Amino acid sequence: MSAPTQTRPPAPRRRPGQAREGAHRQAAGARRRRAGIVRLAALLLSPTLLALALVVGYPVLAALRLSLTVTDEGINPETGLIERSSELGTQNYSDVFKGDTGDRFVNALWNTTTFTLATGALVTIIGVVMALIMSRAFRGRGLVRAAVLVPWAIPTVISALLWKWVFSTDGIANDILNTKILWTTEGFQAWLAVVIADTWKTAPFIGLLVLAGLQLIPAEVYEAARVDGSSAWRTFWRITLPLVKPALVVAVLFRVLDLLRMFDLPFVLVGPRKNSVETLSILAWDEMSNLRFGPAAAYAMVLFVYIAVVAYVFVRVLGADIIGRGVQGRK
Amino acid sequence: MRTTNTRAVLRWLGILAIVAYCLAPFYWMLVSSLRRPSDQFSNSLVPNPLSFDNYDAAFDPRNGFARALLNSLVVAGSTTVLVLALAIFAGYAIARLDFKGKGPVLAIIVATSMFPGITLLVPLLDVFVDINWINTYQAMILPSMTFALPLAVWNLTAFFRQMPYELEEAAVVDGCTPGQAFRKVILPLAAPGVFTTAILAFIATWNEFIIALSVVNRKDMMTANVILSLFTGQYRYDQPFGTQMAAGVVVTIPLVLMVLFFQRRIVEGLTAGGVK
């Protein structure tokens, strides 16, 4: 084998003189080079993998252990001091589903799910519509693209404060709607406010990703559809949507995973410990901030599994191809 | 029959609607920040008279906002540098070197970015309390790597893949080892991809909230996002929305400027990761 050391079938290119070298020597050289590449790859990858093992791998395992650690506080009858004892057990998990804490958990699970479904559906529809509108070339496209990036670039906390202001009692939302709704207090309207604020911030981003997918569809395909007399509606359902589906599914997958761990927006827009908008992340955070690490870790692990299942469904059932393109060699 | 004209008009109306959808709330933040505090509840579309009192209030020393901006810059800046230093090598290896198991390696790296922040934060906070890292920069920087590092590796992998393979081939023919090919040929040419990735990593870390909220309780160590959510009023209103909007504009302006100048690169970076 000759020179190519990178991802690629060996090219037949050879330097003059190389052909005369013995096949044996060549094979040995290739093996040595191959070993060199593997060593180089290991060298280049190890810092990243080490860092991830430290900041992701270890915490996940530690969270699992924490969630299985039951801490009891009691007064030691001999010394009269408060003592903490820890032992392994599944009590944190069984507490998740029982009694008052059980109700709070079910409520948080419900909010997390409904936020994800409602916002996920809204951003998908609005994003696709935006992408379709932007898909034709027009003057000033760069400016429109910059405008579309603005909601994405604004920190979620700032956008939450912005919407809190928009939805305040004397705010512009009530002014335009001519209502006096207390948007950011407990109730369905608080849930709705979160959905609106999140849709505003993330739909344009989906639009951009879908737009990138749209631009990969060759013009000839549309040409052919027109020649065949396909209506615009039919063309959309039969051609545009199937062809843009890979891009759309990946974009929606990432959005949905983000929605499942939503924290900043409801936390700042409405507040912690509010039933109508408490998500699993907020619930776990609240337990953690009260230093109840065991229950916090149990909630966090439940959320972790929930997210893993959803991601699995997306990849397996909807065929979201999140890494396939990353490992392809040259085209 | 619908003429081309009507279609063009409809299209432009659509474009206008998109721009209005994206910018109207941001415009409202800007307008509200430029009113006099006593005009806070005016709903006129243009601030009249124009006033910068809200900005003065935001930077009132009692808020510690200037220091918080500096903290945000330190955390986002160091995370970006740290993450890039690692991700350049990993991205290159995954994109350009042929070795077994690169699929699983990339899958693991991408999968880590999907882990919920709170799952990682609970045990990390537990550790940080034990080793006295509460109220330190490293307690914010290290956990921020959990989302910034996969993002950077992913983007750089996509970027390295687009570079022509002839570059390394030529280098190897000229007698470079794979390591030298990377250092002397690829790295200098990768500057645009590194830059784009830096912007994305910086924005992601600048916008981070839950980590900074949890590992810091001293005001002088808080980031801008955290301190902003805790602002109390200098004026008589319950919640100092005008001040918050002014501070919000200050926090957002660097990002909006980046978006204006680098929108092409940012979109390329974002889509290279997701769709292509």
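Here is what the cut-offs are and how they apply
- Each residue is numbered by its place in its chain's sequence as written, counting from 1.
- Chains carry letters and ligands carry numbers; both start at the beginning, A for chains and 1 for ligands, and go up in the order they are written.
- A pLDDT threshold of at least 70 governs which residues receive local features in this predicted model, and a stricter bar of 80 or more applies before side-chain atom pairs are shown or counted, although totals over entire chains, interfaces and linings include all residues.
- Helix numbering and strand numbering both begin at the N terminus, where a helix is a DSSP run of H or I of at least 4 residues and a strand a DSSP run of E of at least 2.
- Remark: C-beta atoms are placed from the backbone, and a residue is labelled buried if 20 or more other C-beta atoms sit within 10 Å of its own, exposed if 12 or fewer do, or partly exposed between those counts.
- The contact rule is simple: place each C-beta atom from the backbone, and if two of them lie within 7 Å, those residues are in contact.
- Residue polarity is assigned by list, with Asp, Glu, Lys and Arg as charged and Ala, Val, Leu, Ile, Met, Phe, Trp, Tyr, Cys and Pro as nonpolar; anything else, Gly included, falls into the polar class.
- By convention the nonpolar core is taken to be a set of buried residues drawn from Ala, Val, Leu, Ile, Met, Phe, Trp, Tyr and Cys and joined through C-beta atoms within 7 Å.
- What pLDDT expresses is the predictor's confidence in each residue, scored from 0 to 100.
- Fitted lines through C-alpha atoms serve as axes, helices being fitted only where they are in contact, and the angles separating the N-to-C directions of these axes extend from 0 to 180 degrees.
- With respect to orientation, any angle under 35 degrees is reported as roughly parallel, any angle over 145 as roughly antiparallel, any angle of 65 to 115 as roughly perpendicular, and every other angle as oblique.
- With the far helix as reference, a near helix turned anticlockwise by less than a right angle produces a left-handed crossing, and one turned clockwise produces a right-handed crossing.
- The span expected for a helix works out to 1.5 Å for each residue beyond the first.

Participant: Hey, could you run me through the overall build of chain A in this one?
Facilitator: Assigned secondary structure in chain A consists of 13 helices and two strands. Residues classed as buried in chain A amount to 40% of the 331 residues present. The contacts in chain A between residues at least 6 apart in sequence include a share of 68% that link residues at least 24 apart.

Participant: Looking at this model, I keep getting lost on the overall build of chain B. Mind explaining?
Facilitator: Within chain B, the regular secondary structure consists of twelve helices and zero strands. Scanning chain B from its N terminus toward the C terminus, one meets helices and strands in the order α-α-α-α-α-α-α-α-α-α-α-α. The principal-axis extents of the C-alpha atoms in chain B amount to approximately 75 × 70 × 30 Å. Burial status across chain B gives 50% buried among its 276 residues. Residue pairs at least 24 apart in sequence account for 74% of intrachain contacts in chain B once pairs closer than 6 positions are excluded.

Participant: Please explain the interface of chain A and chain B as it appears in this structure.
Facilitator: When the parts come together, some accessible area is lost, and that loss is often what is quoted as the size of the interface. Taken together, the contact pairs 86 residues of chain A with 85 residues of chain B. No other element matches the 18 residues that helix H1 (residues 23-67) of chain A contributes to the side of chain A that touches chain B. Residue composition of the side of chain A that touches chain B, grouped by class: 66 nonpolar, eleven polar and nine charged.

Participant: Any chance you could explain the nonpolar core here in plain terms?
Facilitator: Burial of nonpolar side chains together is a common tendency in soluble globular proteins. By size, the foremost hydrophobic cluster in this structure holds 179 residues, and its most contacted members are Val210, Ala284, Tyr299 and Ala300 of chain A together with Val122 of chain B. Considering every element that reaches this core, the biggest residue donor is helix H6 (residues 138-162) of chain B, with 16 residues. Discounting chain neighbours no more than four positions away, the residues touching Tyr299 of chain A are Val96, Phe105, Leu280, Leu283, Ala284 and Glu287 of chain A.

Participant: Is there a simple way to explain the environment of Val150 of chain A in this structure?
Facilitator: Structurally, Val150 of chain A can be placed in helix H4 (residues 141-153). What makes Val150 of chain A buried here is the crowd of 22 C-beta atoms within 10 Å. Expressed as a C-alpha distance, the spacing of Val150 of chain A and Ser281 of chain A, which sit 131 residues apart in the sequence, is 26 Å. Ignoring anything within four residues of it in the chain, the contact list for Val150 of chain A reads Cys22, Leu23, Phe26, Val256 and Val259 of chain B.

Participant: Quick question: what am I supposed to make of the confidence of the model for chain B here?
Facilitator: Note that predicted coordinates carrying low pLDDT should not be read in detail. Summing up the model confidence of chain B, the mean pLDDT is 87 and the portion of residues at 70 or higher is 95%. The ipTM, which scores confidence in the relative placement of chains, is 0.90 for this predicted complex, and the corresponding pTM is 0.87.

Participant: Looking at this structure, I do not really get the packing of helix H3 (residues 65-96) of chain B against H6 of chain B. What am I missing?
Facilitator: Helix-helix packing: each pair is described by the crossing angle between the helix axes and the interaxial distance. Residues and elements named next belong to chain B. Where H3 meets H6, the axes come as close as 7 Å, and the angle between the chain directions of the two elements is 40 degrees. Compared by their axis directions, H3 and H6 come out oblique. In this structure, the crossing between H3 and H6 has a hand that is right-handed. Its residues placed into classes, the contact of H3 with H6 shows 20 nonpolar, five polar and two charged.

Participant: What should I look at first to understand H4 of chain A in this one?
Facilitator: Helical periodicity: at 3.6 residues per turn, an α-helix aligns residues three or four positions apart in one direction. Between its first and last C-alpha atoms H4 of chain A spans 18 Å; for 13 residues at 1.5 Å apiece the expected length is 18 Å, and the two agree. All of the buried residues along H4 of chain A are Val144, Ala146, Ala147, Val148, Leu149, Val150, Pro151, Trp152 and Ala153 of chain A.

Participant: Where do I start with unusual backbone geometry in this structure?
Facilitator: Leaving glycine aside, a negative phi is the common case for residues, and trans is the common case for peptide bonds. With an omega of -5 degrees, the peptide bond between Asn48 of chain B and Pro49 of chain B qualifies as cis. Assignment of secondary structure puts Pro49 of chain B in the loop between helix H1 (4-33) and helix H2 (53-58). Positive phi, close to 60 degrees, is recorded for Asn178 of chain A, a residue that is not glycine. Along the chain, the position of Asn178 of chain A falls in the loop between helix H6 (172-177) and helix H7 (188-214). At Leu291 of chain A, a residue that is not glycine, the phi angle is positive and equals roughly 60 degrees. Within the fold, Leu291 of chain A resides in the loop between helix H11 (280-289) and helix H12 (293-316).

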